[in-house]
Amino acid sequence: MNLRDAKTIRWWAIIPFLLFAYLCVILYLNLKSDNDPKSVPSPFLGKSIPTFVTTDLLTGAAFDSASLKGEPYILNVWGSWCPECAREHPVLNQYAATPSAIAIIGLDHKEVDPNDGKVWLSRLGNPYRFVPVDPDGRIGIDLGVYGAPESYFVDAEGIVRYKHIGALSLATINQKVAELNREK
Amino acid sequence: MMPELGQVCLLLALLLAGITSIVPMIGSYTENRRMMQVASFGISGQFVFTGFAFVLLTYAFLVQDFSVLNVANNSNSELPIGYRFSAVWGSHEGSLMLWAFVHTIWGLALALFSASLPDKLRARVLSVMSMIGFGFLSFMIFTSNPFDRMVPPNLDGNDLNPLLQDFGLIIHPPMLYMGYVGSAVPFAFAIAALLENRVDQSWVRYCRPWTNIAWAFLTVGIALGSWWAYYELGWGGWWFWDPVENASFLPWLVGAALIHAQAVTEKRGTFRGWTLLLSIAMFSLSLLGTFLVRSGVITSVHSFASDPERGLFILVFLGIVTGGALLLFALRGSRVRVLSSAGLMSRETLLLVNNILLISSCALVMIGTLFPLLAEALNLGKYSVGAPWFGKMFALFSIPLLLLVPLGAFCRWNQDQLGRVLTQLLPAAGLAVFATGFTWLMAREMPIRVVLGLLVAFWVIAGTCAFLWRRWKVASGKRYTLEMLGMASAHLGLGLWLAGVVLVEGLSVERDVRLTPGEQVEVGPYTVKMLGVAHRSGANFEADRGRFEIYRGTELITELNPEKRKYRRGEVMTEADIRPHIFGDVYVALGEPLDDKGEAWGVRAYHKPFIRLIWLGALLMAFGGVLAAAERRLRTPVLTQQEKLSQDSGKNSGQIPGAPSGSDSNSGVPALNATLNSPGNA
């Protein structure tokens, strides 16, 4: 039927396939490595976390981040407006319930109405030791937050050791906390 | 209940896609007509169920069912109703839903308009289409279900990304996806032809209109994206060489190459393996684009965690589809050996050069886009490839390509003399030089690269006009076929596009100034006078709204009202206001307030000469694609064509079948050859 059928397969015909296979390997390697191309590493990585003073959502008392020095903690950025935070929240509850858990500080980011935040926490549970508020997002700007949820792992000296963008998993928390403790 | 119903619809569609992938394929090998006939039923069923699921998802957005995670993430009780529609495809899950739905539309169209195809070919093509549908439906259902519930439900939604709350974004993704998914049709044909082990012209003839239409949609989709970026991002740029843009540009370039290669294969019988390869490549690049955009490997629009699991799924899917196709090509496609008798100076050669240049540009854009990934994988560190690199390198290949455009249309098939072609094009060259000189005088100050760019643009336009004029003069009876008019329209579009690009890049005036009410700034021939900034409330945002008067000389032309919007969710958006005009836009965007009283503002005022030509050109290209697709000849039954072919190959065995007479004896082609080839013309 064909006009001309060569008897043999020509070797060059395999080149597109090989190129494609190479491309797949590159893409796979990138997929496996967990560095997010968009995340330029936080400028505070390995440096002190900026201090901030605000009030606590639940108690209304003054909150000074400098008072946290001396113990490692996780600073978790959330908001009741953020569905992904709601998805992450059970993980935080679960971690906070473990006996060896370090403190989690929940920065209530860009909350329009503080009541929303209170209702949200009473509904989903409160894993936080303190809930400093950041209604206008100023603290977020100092920290370099570009979305919620976002979490900073801070060691006892107040140095940021790791920044996580997006929802945390229990495995990530345990691993990063172990690293914090090791560095102590 | 409704979301669950949608879920069931998706599963049924998946089941049907599975059945349609297998049964007609087996039928085509066992010559079982019944089994082959399953194909059109299966395809129609997939359309019905996927379409219904799509409607249900839209319904969930319209009634604001925030118990659906997808709705909660991407909508909001204050979202205006028009944007609730576009919010359907504003998210990852929703855009997959759109992908799957559009895919079934193409499948249905193919099933409806393929009655003239041989049963076996038809069954296989529809079966391959279903395999692709199966892959996408399972990707959606297993990794990114648009109907996932949220427990406990949210009281309100997170709101749609304000960038996407815009008219351009309502229609841009559907157009783009029509193009992406449409490239599955030539892909399916190529696979069916390879499976049949009959890599002849018949499938190409049938396939050409489909490729053209898919490419036309892709063109419109890309143009809309560019237009949107221009007015929505507030920087007045129309193309940023952003990975997401590049991802749509890659299949476009290959599609343009494929359209030309298909013409050669269909008319001359050569380029067969190449056409197969390009058909595979166009769809694979569409998939790759989806992978790059959706896996988070390169960029993610949202700061939500990118999901490696999704990326892996698409990668495996891509591996099976493209890897399988390329392997099949290596085993079967490479055995087609058609020796061309075409001489060095012939339309075949020119189209070969066209293809080489288009594919080189595509490879270049691809390397630039993927280089950061490559560097990452080889531990070379973080890299980003910037727009200047893309611009320079792209020009390197596109300028020779554009220079050759008029030659391609004038050159004869098989054998021609360079001298004859150039002589015929001499008036066009003169016209191009004259037009460029005239513009140079009119504009007074123009950088030399703009002059050279314009010369190329006018050369393309004049060359195309010369082609039309020549046909008018020498042909009697039917002067133009739709195919010729389509080509002319696309090439004119290309010329206009280039003129627009060159003028915008070379002559734009961009002023970034501090203005208080009463002050003014000059941009090009216009004066922008600030009146003041007032406050205004929108449905889901608060805005500072500037009032600017635009003067040309002393004559008041219009008032522009750019806005700085703060959306409820916190994002700040710059809404530029533009006075569009074919000779040049005035573009005003509000920057930041510069004093406490809110009187002084940073203002960006631009004059963008002839920027409309860029999109007008793109529309003409798309129109050309559709026009050529309407060509009558391409709709003549393929069966007779095949019969002729088989007779021919019987007669010609042993000879060099560079140009089987079968295709030439049909209508249309001889007219084209006869006039341009007859020596008496010049």
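Scoring rules and cut-offs
- Sequence order sets the numbering: in each chain, residues are counted from 1 along the sequence as written.
- All chains are assigned letters beginning with A, and all ligands numbers beginning with 1, in the order in which they are written.
- Local features are withheld for residues below a pLDDT of 70 in this predicted model, meaning they are given only at 70 or higher, and side-chain atom pairs are given and counted only at 80 or more; totals for whole chains, interfaces and linings count all residues.
- Runs of H or I in DSSP of at least four residues are treated as helices and runs of E of at least two as strands, each being numbered from the N terminus.
- Each residue is classified by how many other C-beta atoms fall within 10 Å of its C-beta atom, where C-beta atoms are placed from the backbone; a count of 20 or more means buried, 12 or fewer means exposed, and values in between mean partly exposed.
- In this description, a residue-residue contact is defined by the distance between C-beta atoms placed from the backbone, which must lie within 7 Å.
- All the domain ranges listed were derived from an automatic or database domain assignment.
- Amino acids outside the nonpolar list (Ala, Val, Leu, Ile, Met, Phe, Trp, Tyr, Cys, Pro) and the charged list (Asp, Glu, Lys, Arg) are all regarded as polar, and Gly is one of them.
- Pairing between strands requires that DSSP locate at least two bridges from one strand to the other.
- Axes, fitted as lines to C-alpha atoms, cover a helix only where it is in contact. Angles between the N-to-C directions of the axes lie from 0 to 180 degrees.
- Nonpolar cores are identified as sets of buried Ala, Val, Leu, Ile, Met, Phe, Trp, Tyr and Cys residues joined via C-beta atoms within 7 Å.
- Every angle not falling under 35 degrees, over 145, or within 65 to 115 is termed oblique; those three ranges are roughly parallel, roughly antiparallel and roughly perpendicular.
- Less than a right angle of anticlockwise turn of the near helix away from the far helix marks a crossing as left-handed, whereas a clockwise turn marks it as right-handed.
- Here is how to tell: hold the view so the strands point away, follow the path from the first strand over the helix to the second, and if it runs clockwise the crossover is right-handed.

Draft legend 1. Spatial organisation of the overall build of chain B. Along its length, chain B carries 21 helices and 10 strands. Considering chain B as a whole, with its 682 residues, one finds that 54% of them fall into the buried category. Sequence-distant contacts, at least 24 apart, represent 75% of the contacts inside chain B between residues at least 6 apart.

Draft legend 2. Representation of the domain arrangement of chain B in the model. All names here are of chain B. For chain B, the assigned domains read domain 1 (1–165), domain 2 (410–507 + 613–681) and domain 3 (509–608). Centre-to-centre separation of domain 1 and domain 3, based on C-alpha positions: 43 Å. Contact with domain 1, which involves 7 residues of that partner, is made by 7 residues of domain 3. Split by residue class, the side of domain 1 that touches domain 3 holds 3 nonpolar, 2 polar and 2 charged.

Draft legend 3. Representation of the sheet that holds strand E6 (residues 150–154) of chain A in the model. All names here are of chain A. Strand order across the open sheet formed by 5 strands is E5-E4-E3-E6-E7, with mixed pairing between neighbours. Two strands in the sheet have a free side with no partner beyond their single neighbour: strand E5 (133–134) and strand E7 (160–165). In the sheet, E6 pairs with E7 via 5 bridges, with the strands oriented antiparallel. Looking at the pairing, Tyr 152 lines up with Lys 163 of E7.

Draft legend 4. Region of the structure containing the sheet that holds strand E9 (residues 585–593) of chain B. All names here are of chain B. Taken in spatial order, the 4 strands line up as E1-E10-E9-E8 in an open sheet, and their pairing is antiparallel. The open sheet has two edge strands with one neighbour each: strand E1 (509–515) and strand E8 (577–579). Averaged over all pairs of adjacent strands, the angle between strand axes in this sheet comes to 20 degrees, irrespective of strand direction. As defined by bridge partners, E8 adjoins E9 across 3 bridges and the pair is classed as antiparallel.

Draft legend 5. Spatial organisation of the nonpolar core. The biggest cluster of nonpolar side chains holds 210 residues, and the ones touching the most others in it are Val 185, Ala 188, Val 254, Ile 280, Leu 498 and Val 588 of chain B. With 18 residues, the single largest contributor to this core is helix H9 (residues 201–232) of chain B. Leave out the neighbours within four places in its chain, and Leu 498 of chain B touches Leu 402, Gly 453, Val 456, Ala 457 and Val 460 of chain B. Of all hydrophobic cores here, the second largest spans 36 residues; its members include Ile 105, Tyr 128, Phe 153 and Val 177 of chain A.

Draft legend 6. Representation of the packing of helix H10 (residues 243–268) of chain B against helix H13 (residues 347–377) of chain B within the structure. Residues and elements named next belong to chain B. The N-to-C vectors of H10 and H13 enclose an angle of 165 degrees; their axes lie 9 Å apart at closest approach. Classed by the angle they form, the pair H10 and H13 counts as roughly antiparallel. In this structure, H10 crosses over H13, and the sense of that crossing is left-handed. On H13, the residues that touch Pro 243, Asn 246, Phe 249, Leu 250, Leu 253, Val 254, Ala 256, Ala 257, His 260, Ala 261, Val 264 and Arg 268 of H10 are Glu 348, Leu 351, Asn 354, Asn 355, Leu 358, Ile 359, Ser 361, Cys 362, Val 365, Met 366 and Thr 369. A per-class count over the contact of H10 with H13 returns 15 nonpolar, 6 polar and 2 charged.

Draft legend 7. Region of interest: the packing of H9 of chain B against H10 of chain B. Residues and elements named next belong to chain B. Packing of H9 against H10 brings their axes to within 9 Å, and their N-to-C directions diverge by 150 degrees. Classified by the interaxial angle, the pair formed by H9 and H10 is roughly antiparallel. Between H9 and H10 lies a crossing whose hand is left-handed.

Draft legend 8. Here's a closer look at unusual backbone geometry. With a phi close to 50 degrees, Lys 110 of chain A is a non-glycine residue in the positive phi region. Relative to the elements of secondary structure, Lys 110 of chain A occurs in the loop between strand E4 (103–109) and helix H3 (114–124). For Lys 110 of chain A, a count of 20 C-beta atoms within 10 Å corresponds to the buried category. Even without being a glycine, Phe 610 of chain B presents a positive backbone phi close to 60 degrees. Here Phe 610 of chain B shows up in the loop between strand E10 (601–608) and helix H18 (612–629).

Draft legend 9. The environment of Ala 190 of chain B, seen in detail. Residues and elements named next belong to chain B. With respect to the helices and strands, Ala 190 occurs in helix H8 (residues 184–196). For Ala 190, a count of 30 C-beta atoms within 10 Å corresponds to the buried category. Taking the C-alpha atoms as reference points, Ala 190 and Val 204, 14 residues apart in sequence, are found 8.5 Å from one another. Leaving out residues up to four positions away in the same chain, Ala 190 has contacts with Leu 276, Ser 279 and Ile 280.

Draft legend 10. Highlighting the pairing of strand E3 (residues 73–78) of chain A. All names here are of chain A. With 6 of its 6 residues buried, E3 lies for the most part within the structure. Sheet topology places E3 next to E4; 6 bridges connect them, and they run parallel. Each residue of the ladder has a partner; that of Tyr 73, found in E4, is Ala 103. In this view, the connection linking E3 to its parallel neighbour E4 by way of helix H2 (residues 83–96) has right-handed handedness. Bridge count between E3 and E6: 5 bridges; the pairing is antiparallel. Along E6, the bridge assignment pairs Asn 76 with Ser 151.

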